Amino acid sequence: MQPNARWAFARYCAIAHHYPQPGRIFPPFSARIDDLRGVIERYDGFILDAFGVLNVGEGVLPQAVARIAQMRAAGKRVVVLTNGASATRDEALAKYHKWGFDFTADEVIASRDLAGEALKGRGGVWAAIAPEGAAFDDLPGDLRALDAGLLDSADGFLFLGSQGWDDAKQAALVAALKARPRPVICANPDVVAPREGGFTWEPGHYAVDLPVPVEFYGKPFGGAFEAALRALDLPAKRVAMVGDSLHTDILGGRAAGCFTVLIQSHGFFKGVDPKAFIAASGLVPDFIAMET
């Protein structure tokens, strides 16, 4: 079943107990703005989600390229904080450059990188759940693409991407972990990702149902925002987190002490008014922008 916004939101709510608590009280309401030009002068730095803010699936949002240029012209600092963990840093950076963004390597922080740091020194053979043909040269240790043999023999599992993952493969992994518990690292806590044709289920949807404790790296967890704030070299109170998801971007940004901006028209809430979802979750962004 392909999820829609309501299915995805219900799933996020069901697993919200896994997420951090906000560091600041949410505002009583969200101010509405047309696009990010309405907040550029308010903050010194911006943490930008990728999917739903800079791109949708494999398609760039042209206005996002212009908006980053306007931020730079205003002297603002920017960093991309993405839960996309399937691509290497070099591959991700090359894609952004092809789309017209001028991000440097230090301005792109992927949950893949954070999970890679967590892998250092672990030892043993780790099985990677990732798209077919994915490369792992940028990650430490003995990491191999998951196959049937590794279900039983791997010393740990790294969940990078869910392309090609299905209920049968999930059931096989659950059975293997019940028979022999081993550590699992999830490098993408997202439940869904917005793409051109709708939503896809992402690693976070599957990882929370595994029968062992799972280590999560990426939004909304604190380590991701700590890395972004270090890259910006700014205090959280001078930074806005811009994203399209309440439970990863808005919750995570608020828990880190940042202000938050929800993008409505492309991404999680495309074609859906977020008002009811905000009321139901209590996750209130400081601003709702129609467009990036």
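Attention here is on the structure that accompanies the text.

Turning to the overall build of the chain, a few remarks are in order. Secondary structure summary: the chain contains ten helices and 16 strands in total. Computed over C-alpha atoms, the radius of gyration of the chain comes to 18 Å, within 12% of the 19 Å expected from 2.2 N^0.38 for 292 residues, which places it in the range of a compact globule. Dimensions of the chain, computed from the C-alpha atoms along their principal axes, are close to 55 × 40 × 35 Å. Within the chain, the fraction of its 292 residues that count as buried is 55%. Accessible area of the chain: about 12200 Å², with a carbon and sulfur share of 54%. Here the chain carries 29 positive and 34 negative side-chain charges, and the mean point of each set is 5 Å from the other.

Bringing the sheet that holds strand S9 (residues 156-159) into the picture now. Spatially, five strands are ordered S8-S7-S9-S10-S13 in an open sheet, and the strand pairing comes out parallel. Every interior strand has two partners, whereas the edge strands, strand S8 (142-145) and strand S13 (214-216), have only one. In this sheet, neighbouring strand axes are inclined to one another by 25 degrees on average, regardless of whether the strands run parallel or antiparallel. Sheet topology places S9 next to strand S10 (residues 184-186); three bridges connect them, and they run parallel. Note that in S10 the partner of Phe159 across the bridge is Cys186. Strands in contact with helix H4 (residues 111-119) are strand S7 (125-129), S9 and S10; relative to S10, the strand with the most contacts, it is inclined by about 155 degrees.

We now examine unusual backbone geometry. The omega angle of the peptide bond from Lys219 to Pro220 is 10 degrees, so this bond is cis rather than trans. Examined against the element boundaries, Pro220 turns out to sit in the loop between S13 and helix H8 (222-232). Unusually for a residue other than glycine, Asp233 sits at a positive phi of about 55 degrees. Relative to the helices and strands, Asp233 resides in the loop between H8 and strand S14 (239-243).

The rules behind these values
- Residues numbered from 1 in each chain as written.
- Predicted model: local features only at pLDDT ≥ 70, side-chain atom pairs only at ≥ 80, totals over all residues.
- Heavy atoms only, no water.
- Helix = DSSP H or I, 4+ residues; strand = E, 2+ residues; numbered from the N terminus.
- Rg over C-alpha atoms; globule rule 2.2 N^0.38 Å.
- Buried < 20%, exposed > 50% of the residue type's maximum accessible area, 1.4 Å probe, protein only.
- Areas by Shrake-Rupley, 256 points an atom, 1.4 Å probe, with all protein chains shown as cover.
- Lys, Arg positive; Asp, Glu negative; His and termini not counted.
- Charge placed at Lys NZ, Arg CZ, Asp CG, Glu CD.
- Pairing = 2+ DSSP bridges.
- Axes fitted to C-alpha atoms, helices over the stretch in contact; angles between N-to-C directions.
- Contact = heavy atoms within 4.5 Å.

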